[in-house]
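Each chain, written out:
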Amino acid sequence: MGKMSNMMIDLMRGCLLVVVLICVGGGGLIGFSFVANPYTPIVTKILMIGSGLLVGLIVASIFTGICFLLLNINDNLNTLANAAKEESD
């Protein structure tokens with residue numbers, strides 16, 4: 001693979017890390033927004049924030065799984081194209 005392709009893959013991995021942080025942080029914030037009053041018991045607050053973090057983590061894992069699957073398909077296609085090119089030479 002070329003240098004540019006490796007740089008794009010590294011850039012995508014960095015962006016995926018940012019997406020994971022945003023999803024997990026957003027999930028925690030959404031969980032906190034449901035219980036942001038002084039009359040809610042602390043256990044309920046912990047459960048809602050934890051549930052929000054868990055939902056954010058699940059969404060982030062689905063998103064990154066799809067992206068890495070597409071990246072793997074792209075690598076396989078590049079390998080097949082290079083093998084066919086070398087065979088024809």
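The model shown is predicted, which means the values in this text are computed figures rather than measured ones. (Residues numbered from 1 in each chain as written. Predicted model: local features only at pLDDT ≥ 70, side-chain atom pairs only at ≥ 80, totals over all residues. Heavy atoms only, no water.)

S.K.: I tried to follow the environment of G52 on my own but got confused; where do I start?
M.R.: As for its position among the elements, G52 is in helix α2 (residues 42-88). For the pair G52 and V18, spaced 34 residues apart in sequence, the C-alpha to C-alpha distance is 18 Å. Every residue in contact with G52, bar those within four places of it in the chain, is listed here: G27, G28 and G31. (Helix = DSSP H or I, 4+ residues; strand = E, 2+ residues; numbered from the N terminus. Contact = heavy atoms within 4.5 Å.)

S.K.: For this particular structure, what's the right way to read the side chain of T64?
M.R.: As for its position among the elements, T64 is in helix α2. Not counting residues within four places of it along the chain, the set of residues in contact with T64 comprises L16 and V20.

S.K.: Help me understand α2 in this model?
M.R.: Think of an α-helix as 3.6 residues a turn; residues three or four steps apart then line up on the same face. Taking 1.5 Å of rise per residue, the 47 residues of α2 would be expected to cover 69 Å, and the 69 Å separating its terminal C-alpha atoms lies within 8% of that figure. Restricting attention to buried positions, one finds in α2 the residues G52, G56, A60, T64, C67 and L71. (Expected span 1.5 Å × (residues − 1). Buried < 20%, exposed > 50% of the residue type's maximum accessible area, 1.4 Å probe, protein only.)

S.K.: Got a minute to help me understand the state of the cysteines in this structure?
M.R.: Two cysteines, two sulfur atoms, one covalent bond between them: this is a disulfide. What the rule picks out here adds up to zero disulfides. No disulfide involves C15; its sulfur sits 9.7 Å from that of C67, the nearest cysteine. The closest cysteine sulfur to the non-disulfide-bonded C23 is located on C67, 11 Å from its own sulfur. (Disulfide = S-S within 2.5 Å.)

S.K.: I keep staring at the side chain of T40 and nothing clicks. Help me out?
M.R.: Of note, T40 is situated in the loop between α1 (3-34) and α2. Among residues more than four places away in sequence, those in contact with T40 are V35 and K45.

S.K.: Honestly, the environment of C67 in this entry has me stumped. Any pointers?
M.R.: You can see C67 is positioned in helix α2. By relative accessible area, which is 17% here, C67 ends up buried. Linking C67 and M12, residues 55 residues apart in sequence, is a C-alpha distance of 8.7 Å. Among residues more than four places away in sequence, those in contact with C67 are M12 and L16.

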